[in-house]
Protein chains: 2
Amino acid sequence: MNYIFTNLLGTFILDEKLTVIDSLPFKSVEEYKNKKKSEEKLQKKHDAKPLPKERLLQVLLLFKDAKYYQDFYQRNLELTKEGLKNAVNEDNLIMQAIANINELDKISNTMSKRLREWYSLYYPELSEEIEDHEKYVESVLEQERGAATFGADLGAIDVEEMKLLAGRIISLYALRKQHELYLQKIMEKYCPNLLELAGATIAARLIELGKGLKHLALLPASTVQLLGAEKALFRHLKTGSRSPKYGVIINHPLIQNAQRDKKGKAARMLADKLSLCARLDFFKGEFKAPDYRKDLEGKLA
Amino acid sequence: MNYIFTNLLGTFILDEKLTVIDSLPFKSVEEYKNKKKSEEKLQKKHDAKPLPKERLLQVLLLFKDAKYYQDFYQRNLELTKEGLKNAVNEDNLIMQAIANINELDKISNTMSKRLREWYSLYYPELSEEIEDHEKYVESVLEQERGAATFGADLGAIDVEEMKLLAGRIISLYALRKQHELYLQKIMEKYCPNLLELAGATIAARLIELGKGLKHLALLPASTVQLLGAEKALFRHLKTGSRSPKYGVIINHPLIQNAQRDKKGKAARMLADKLSLCARLDFFKGEFKAPDYRKDLEGKLA
């Protein structure tokens, strides 16, 4: 009785004592991927059976031999490399970009607060006047100080230092906007439906929280509705506090613009459609999001 | 019996019934500051006594009259404004700059870690190769990807996005360096001794933690030694864990370079001299820090 066995190095025919009696070596990893061909070829020639599992260890020990080892190592490395290269897909890029957007939001916030404190030594009225951080930072760069200020008359080098900080904050806000454009670009191809209905930021957050488009597509709509509200959800389950109605989709215009008592309903309907979008995108379906949007807008108006 | 009374509006002579019988109005807040002059003048003329405390309320009510109120309000505003303007001194500027340096350190750290994760999709080997965050970020911008990488073959727009992030991180590192130069500039005039012995960053942290140069100058050297180690100190007092030997001065070269068993002694000696420096600087004393440094270097060699 002969056995047939294939690994990265080739297809081998072994006799009862597990000595190699015939083989078709592979010249590359590519040939390994088409191993069926060479297996069929040798199969016909020798009428061999597949190796029984209990004899596998013995055969593996055979390949520890020096004449196989170097090749084996090289092929394995090649295969791993290819696997790693292919493991990176749009999901990873989206998740990194949205994670950085989240961090940039926190960072710009911290830096803007610092600027408010610092610049208020010189021009305290401005901080009271402008509530929005980004607009405040812009005003520090563009607006002259009012004459009737309560602020101290600092030297030019002191004010310059604050303006340098303001400039850096502005450039972080710009980077955040650039990241959004980038997300848009990836998603137009990767998940056009989700992008169309959710917008770049929310779509990216859903993919991030859903751990990739595939996994997101497999989640029930009720889970999609609450992605990002895990803390409130577990508090609800543990203490019986009110259950959350929405996670990251709270920032969606359809929910923002819904009447207060209809927000929960809006969230459920939106999550249903978002879930459908994720499935359409993952299974490369049609572009139906515009219809969904119209449908939702009609029902929620 | 006549009384004499002065407020922001002028010096007044009041009779027994607290009616104004003579006055020298002030034309500005400046005259109020030199009130002694006009008080002496009227004093001579009327032989008046200072207003007894129990009659103060009555007099104050007198000035609620409409003919005084507007002036009173204006003068007060002026005085407050002046007070606020003068309340801002080098301490405030130093504290803001060093607080921002502290924040920038954390922020660059967060952003560099994000870049490492993101760029490793494309070129994972680089992150293993370079441990230092700043050098890593520079390499992302300057170094081509190695040919034998395990990273994915991403599109140009994907890599560009990561390089944009790298560029922003570099500019935050640059801002931090600029802040240090700025601190140096302020401190050369404000606290040359402390600057000379501690260096810009440590000196600024001491002023920050000591809540200003004045307060720092009044602290005992043993407190200066532990500024920045409050957490460890209170843990020591509460649980009897080992007492901390140094706070922010731990980064000083004299302590960094000291032998392990001499670090505590070095910290104590350095704190002594730093405390002297703070006092010299606050009381505008001589520039003795270079002597202190030589002395310490000799004793710790």
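Model, not experiment: these values are computed from the prediction.

1. Regarding the overall build of chain A
Item 1. Looking only at helices and strands, one finds 16 helices and 4 strands in chain A.
Item 2. Relative to the compact-globule value of 19 Å for 301 residues, chain A shows a C-alpha radius of gyration of 31 Å, a clear excess of over 25%.
Item 3. Reported as C-alpha extents along the three principal axes, the dimensions of chain A are approximately 100 × 55 × 40 Å.
Item 4. In chain A, which comprises 301 residues, the proportion classed as buried is 44%.
Item 5. Counting every atom, chain A has about 16700 Å² of accessible surface; 53% of that belongs to carbon and sulfur.

2. Description of the packing of helix α15 (residues 263-282) of chain B against helix α16 (residues 289-300) of chain B
All names here are of chain B.
Item 1. In the contact formed by α15 and α16, the axes pass within 11 Å of each other and the chain directions differ by 175 degrees. Here α16 runs roughly antiparallel to α15, going by the angle between their axes. Contact residues: A266, M269, L270, K273, L276, C277 and L280 in α15; A289, Y292, D295, L296, K299 and L300 in α16.
Item 2. By residue class, the composition of the contact of α15 with α16 is 10 nonpolar, no polar and 3 charged.

3. Considering the environment of A232(B)
Item 1. Residue placement: A232(B) occurs in helix α13 (residues 230-239).
Item 2. Distance from A232(B) to P244(B), taken between C-alpha atoms, is 6.0 Å for residues 12 residues apart in sequence.

4. Concerning the side chain of N100(B)
Item 1. Within the element layout of this structure, N100(B) appears in helix α5 (residues 90-119).
Item 2. A residue is classified by how much of its surface remains accessible, and N100(B), at 0% relative accessible area, is buried.
Item 3. Ignoring any residue separated from it by four or fewer positions in sequence, one finds N100(B) in contact with R114(A), W118(A), L165(A), L175(B) and H179(B).

5. Considering the relation of the copies chain A and chain B
Item 1. Overlaying chain A on chain B yields an RMSD of 0.2 Å, the required transformation being a rotation through 180 degrees with an accompanying axial translation of 0.1 Å. On this basis, the relationship between the two copies can be described by a two-fold rotation axis. Among all residues of chain A, the minimum C-alpha distance to the rotation axis is found for I107(A), at 3.4 Å.
Item 2. In this assembly, 100% of the residues forming the interface of chain A have copies in chain B that are likewise at the interface, indicating an isologous arrangement.

6. Here's the deal with the domain arrangement of chain A
One widely used convention gives an interface's size as the accessible area the parts lose upon coming together.
Residues and elements named next belong to chain A.
Item 1. Each assigned domain of chain A is listed with its residue range as follows: domain 1 (3-87), domain 2 (90-190) and domain 3 (191-301).
Item 2. Relative placement of domain 2 and domain 3: their C-alpha centres are 30 Å apart.
Item 3. Taken residue by residue, the interface counts 16 residues in domain 2 and 16 residues in domain 3.
Item 4. Across the domain 2/domain 3 interface, buried area totals approximately 1300 Å², and carbon plus sulfur atoms make up 62% of it.

7. Points about the pairing of strand β2 (residues 10-14) of chain A
Residue and element names in this part refer to chain A.
Item 1. With 5 of 5 residues buried, β2 is to be regarded as a mostly interior element.
Item 2. Here 5 bridges tie strand β1 (residues 3-7) to β2, and the two strands are oriented antiparallel to one another. What sits directly across from I4, in β2, is I13.
Item 3. Joining the antiparallel neighbours β1 and β2 is a turn of 2 residues.
Item 4. As defined by bridge partners, β2 adjoins strand β3 (residues 20-25) across 5 bridges and the pair is classed as antiparallel.

8. Looking at the pattern of salt bridges
Residues and elements named next belong to chain B.
Item 1. Counted by the stated rule, this structure contains 31 salt bridges over all chains.
Item 2. Its salt-bridge partner being D153, residue R145 comes within 2.6 Å of it at the nearest N-O pair.
Item 3. Under the relative-accessibility criterion, D153 is labelled exposed at 57%.
Item 4. For K299, the salt bridge goes to D295, with nearest N and O atoms at 3.5 Å.

9. Observations regarding the packing of aromatic side chains
Item 1. This model, assessed by the stated rule, comprises 18 aromatic pairs over all chains.
Item 2. Relative to F72(A), the ring of F63(A) has its centre 6.4 Å away and its plane inclined at 20 degrees; by these criteria the two rings are stacked.
Item 3. Ring centres of F12(B) and F63(B) lie 5.0 Å apart, and the angle between their planes is 65 degrees; on these two criteria the pair is classed as edge-to-face. One end of the pair, F12(B), is in strand β2 (residues 10-14); the other, F63(B), is in the loop between α3 (56-62) and α4 (66-87), and 51 residues separate them in sequence. The two residues F12(B) and F63(B) agree in class, both being buried.
Item 4. Through pairs of rings, three or more aromatic residues link up here, namely F5(A), F12(A), F63(A), Y68(A) and F72(A).
Item 5. Against the face of Y136(A) rests R116(A), its NZ or CZ located 4.3 Å from the ring centre.

10. Topic: the interface of chain A and chain B
Item 1. Of the residues lining the interface, 44 residues belong to chain A; the matching set on chain B comes to 44 residues.
Item 2. Contact between chain A and chain B buries roughly 4000 Å² in total, counting both sides, with carbon and sulfur atoms accounting for 66%.
Item 3. The interface formed by chain A and chain B contains 4 salt bridges.
Item 4. Across the chain A-chain B interface, the total number found is 20 residue pairs in polar contact (both at pLDDT 80 or more).
Item 5. Put simply, the parts of the chain that give the side of chain A that touches chain B at least two residues each are α4 (66-87), α5 (90-119) and α8 (156-190) of chain A.
Item 6. Ranked by the residues each element gives to the side of chain A that touches chain B, the list is headed by α8(A), at 16 residues.
Item 7. A breakdown of the residues in the side of chain A that touches chain B according to their chemical character gives 24 nonpolar, 10 polar and 10 charged.

11. Topic: the state of the cysteines
Residue and element names in this part refer to chain A.
Item 1. Within this structure, the stated rule accounts for 0 disulfides over all chains.
Item 2. This cysteine, C191, is not joined by any disulfide, and C277 carries the nearest cysteine sulfur, 9.6 Å off.
Item 3. Given the relative accessible area of 0%, C191 is considered buried.
Item 4. Using a relative accessible area of 0% as the deciding quantity, one classes C277 as buried.

Definitions and cut-offs
Residues numbered from 1 in each chain as written. Chains lettered and ligands numbered in written order. Predicted model: local features only at pLDDT ≥ 70, side-chain atom pairs only at ≥ 80, totals over all residues. Heavy atoms only, no water. Helix = DSSP H or I, 4+ residues; strand = E, 2+ residues; numbered from the N terminus. Rg over C-alpha atoms; globule rule 2.2 N^0.38 Å. Buried < 20%, exposed > 50% of the residue type's maximum accessible area, 1.4 Å probe, protein only. Areas by Shrake-Rupley, 256 points an atom, 1.4 Å probe, with all protein chains shown as cover. Axes fitted to C-alpha atoms, helices over the stretch in contact; angles between N-to-C directions. Parallel < 35°, antiparallel > 145°, perpendicular 65-115°, else oblique. Contact = heavy atoms within 4.5 Å. Nonpolar A, V, L, I, M, F, W, Y, C, P; charged D, E, K, R; others polar. Least-squares fit on C-alpha atoms with pLDDT ≥ 70 in both. Domains from an automatic or database assignment. Buried area = accessible area lost by both parts, 1.4 Å probe. Pairing = 2+ DSSP bridges. Salt bridge = Lys/Arg side-chain N within 4 Å of Asp/Glu carboxyl O. Phe/Tyr/Trp six-rings, centres within 6.5 Å; stacked < 30°, edge-to-face > 60°. Lys NZ or Arg CZ within 6 Å of the ring centre and 35° of its normal. Polar contact = N/O pair within 3.5 Å; in protein donor to acceptor, adjacent residues only side chain to side chain. Disulfide = S-S within 2.5 Å.

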